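# Residue-level structure breakdown
As a plain string of letters, each chain reads:
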Amino acid sequence: MRNIIYSLMAFCVIFGFGMPALAQNEPDFDSWFVNKTLRLDYNFSGNAREQHIAVDELKQLPEWHGKRHRLAELPVQGNGQITVMDHATGKVIYRNSFSTLFQEWLSYPEAQATTKSFENVFLVPMPKDTVDIRVDLRNNRLEVMATLTHMVAPKDILIRHLGERGVTPYETLSKAADTSNCIHVAFVAEGYTKDEMNIFLKDARAAEDAIFSYEPFKSLKDRFNIVAVESVSEESGTSEPGNGIWRRTALGSHFDTFYSDRYLTTLNLKDLHDCLAGVPYEHIIVLVNTEKYGGGGILNSYNLSMTHHKLFRPVVAHEFGHSFAGLADEYAYEAEAIPMYPHDVEPWEKNITTKVNFKGKWEDLIGKDPEAGFYEGAGYSLKGVWRGYEDCRMRTNSNPEFCPVCRKAITDVIDFYTAWKQ
């Protein structure tokens, strides 16, 4: 009977149905996990018509720096989810959400004619016993388009141990008030040579100061533990394919992602996580040594920003809004070939709406704040997608703050990870 109940719980959690009352009993970290990280490397491949998920490698890191409570809950829905289930019973013992560049790429014309593969890396706590891990990817209609379930035995001799020696040097910039109950953030150097590490550390402190000059990060800074990781590149700068420039850098970052001039990303997620092995981290901010404008942010993957452009400070905060809190862009394009947000589906992001199912967003602000309402033009669409305020840090670089909708969404995520002890 217990197996049947736990299997029902797993089914409900994975597919989004209401959970039975028994499932509200939170999994206890120490009952199911040890204080180590299981790193899961996957390849996501396919095109607009079909997608596939394949296991690449499994790795173990020395400590776990993620959540220890609310283990079976999601901070936000995301475009994908990873679920860890006890193999013997089917009980869901850990979940998290994410988004990926692969899923974004599927909305571009190239995906109609080309098949590609993307690296993806996820971190879960190391289980004490055998587990089943399910990964599912969802399209922009929130429908599951690809799924994989695979078994992991924690004593598997082919799980490679990383981070036990040769750890990339790092400096602690800010120590959380309670390091056992905090959010671990790592700034990572990209395009800085060995002789430029002092510049990187200065840039990392500037990025920290920028992010935590905005509310609610400013008031809740003591819940963050922040390090700067000195990953050395052979050459200074980053690649600019549109200008025929290719640099040998630690993470192989480049502009012109998806042929967009200012879209600065790295596709080398295994390299990124390799340089972080043994470092206290969960959320990643890559700082790129370039004067050219650009950046990008992917939920629970990483955000990446240039450091030597005059708009560095607002951009690094904006991208952290994406990667940490799952906030959507609130600006719109004049021309939009493929809508990122179908107008008959409610986005999962808390700061935009199509009005299909607005409940749980900013309805509590309407009527209380005269500026709160529905401003059409968001999520890259001029029509059919709305934001809650005229302007916001998620809309323009000139706005000096996150709007109340975004501030609440960020606070909710911070509280999700840390407020159980407050």
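Worth saying up front: this structure is predicted, and the values here are computed from it rather than measured. (Residues numbered from 1 in each chain as written. Predicted model: local features only at pLDDT ≥ 70, side-chain atom pairs only at ≥ 80, totals over all residues. Heavy atoms only, no water.)

Attention shifts here to the overall build of the chain. Helices and strands together make up the secondary structure of the chain, namely eight helices and 17 strands. A globule of 422 residues ought to have a C-alpha radius of gyration of about 22 Å, and the chain, at 21 Å, matches this closely. With the C-alpha coordinates of the chain rotated into their principal frame, the extents come out at 60 × 55 × 50 Å. Considering only contacts in the chain between residues 6 or more positions apart, those separated by 24 or more positions represent 65%. When the accessible surface of the chain is totalled, it reaches about 18,100 Å², and 49% of it is carbon and sulfur. Mean positive and mean negative side-chain charge positions of the chain (44 and 57 charges, respectively) differ by 3 Å. (Helix = DSSP H or I, 4+ residues; strand = E, 2+ residues; numbered from the N terminus. Rg over C-alpha atoms; globule rule 2.2 N^0.38 Å. Contact = heavy atoms within 4.5 Å. Areas by Shrake-Rupley, 256 points an atom, 1.4 Å probe, with all protein chains shown as cover. Lys, Arg positive; Asp, Glu negative; His and termini not counted. Charge placed at Lys NZ, Arg CZ, Asp CG, Glu CD.)

Let's shift gears to the packing of aromatic side chains. Under the criterion given, the structure shown has 31 aromatic pairs. When the ring of Phe217 is compared with that of Phe224, the centres are 6.1 Å apart and the planes differ by 70°; the resulting orientation is edge-to-face. In this pair, the class of Phe217 matches that of Phe224, namely buried. Through a chain of ring-to-ring contacts, three or more aromatic side chains come together here, namely Phe212, Tyr214, Phe217, Phe224, Phe320, Phe324, Phe402, Phe416 and Tyr417. Here the guanidinium or amino end of Lys67 rests over the ring plane of Tyr94, the centre of that ring lying 5.1 Å away. It is Lys292 that lies over the ring of Phe255; its NZ or CZ is 4.6 Å from the centre. (Phe/Tyr/Trp six-rings, centres within 6.5 Å; stacked < 30°, edge-to-face > 60°. Buried < 20%, exposed > 50% of the residue type's maximum accessible area, 1.4 Å probe, protein only. Lys NZ or Arg CZ within 6 Å of the ring centre and 35° of its normal.)

Another aspect to go through is the nonpolar core. With 108 residues, the main nonpolar core has Phe187, Phe200, Phe217, Phe224, Leu276, Leu287 and Phe324 as its most contacted residues. When residues of this core are assigned to their parent elements, the largest contribution, eight residues, is made by helix 8 (residues 404–418). Residues contacting Phe187, with those up to four places away along its chain left out, are Leu173, Phe200, Ala204, Ala207, Glu208, Ile211, Ile226, Val227, Ala228, Val229, Ile285 and Leu287. Ranked by size, the runner-up nonpolar core spans six residues in total, among them Ile352, Ala378, Tyr380 and Val385. (Core = buried A, V, L, I, M, F, W, Y, C linked by side-chain atoms within 4.5 Å.)

Moving on, we come to the sheet that holds strand 4 (residues 92–98). Strand order in the open sheet made by the four strands is 4-3-6-7, with antiparallel pairing throughout. Either end of the sheet is taken by a strand with one partner, and the two such strands are strand 4 and strand 7 (144–152). Strand-to-strand twist of the sheet, defined as the mean angle between neighbouring strand axes without regard to direction, takes the value 15°. The sheet contact formed by strand 3 (residues 80–86) and strand 4 spans six bridges and is antiparallel. What sits directly across from Gln81, in strand 4, is Ser97. (Pairing = 2+ DSSP bridges. Axes fitted to C-alpha atoms, helices over the stretch in contact; angles between N-to-C directions.)

With that settled, the discussion passes to the sheet that holds strand 11 (residues 224–229). What links the strands of a sheet is backbone hydrogen bonding, and the strands pair in either a parallel or an antiparallel sense. Within the open sheet, the six strands sit side by side as 9-11-10-12-14-13. Their pairing is mixed. At either margin of the open sheet sits one strand with a lone partner, and together these are strand 9 (170–174) and strand 13 (295–298). On average, each strand axis in the sheet is inclined to that of its neighbour by 20°, with strand direction left out of account. Strand direction decides the pairing type here: strand 10 (residues 183–190) and strand 11, joined by six bridges, are parallel. Within the sheet, the bridge partner assigned to Ala186 lies in strand 11 and is Val227. Taken strand by strand, helix 7 (residues 312–325) contacts strand 10, strand 11, strand 12 (283–288), strand 13 and strand 14 (302–306), and its axis lies near 170° from that of strand 14.

With 93% of its residues at a pLDDT of 70 or more, the chain shows a mean pLDDT of 93. Confidence drops under pLDDT 50 across residues 1–23; counting only partners more than four residues distant or on other chains, this segment forms 32 contacts. (pLDDT = per-residue confidence, 0-100.)

Pairing analysis gives 10 bridges linking strand 1 (residues 33–46) to strand 2 (residues 51–61), with the strands arranged antiparallel. Paired with Arg39 across the strands is Lys59, a residue of strand 2. Summarising the sheet, strand 2 and strand 8 (residues 160–161) pair through two bridges and their orientation is parallel. Looking at the pairing, Gln60 lines up with His161 of strand 8.

With that settled, consider the side chain of Asp203. Its location among the elements puts Asp203 in helix 5 (residues 197–211). One buried charged residue, Asp203, forms no salt bridge at all, with the nearest opposite charge on Lys202 at 6.6 Å. Excluding residues that lie within four positions of it along the chain, Asp203 makes contacts with Tyr192, Leu287, Thr307, His308 and Phe312. (Salt bridge = Lys/Arg side-chain N within 4 Å of Asp/Glu carboxyl O.)

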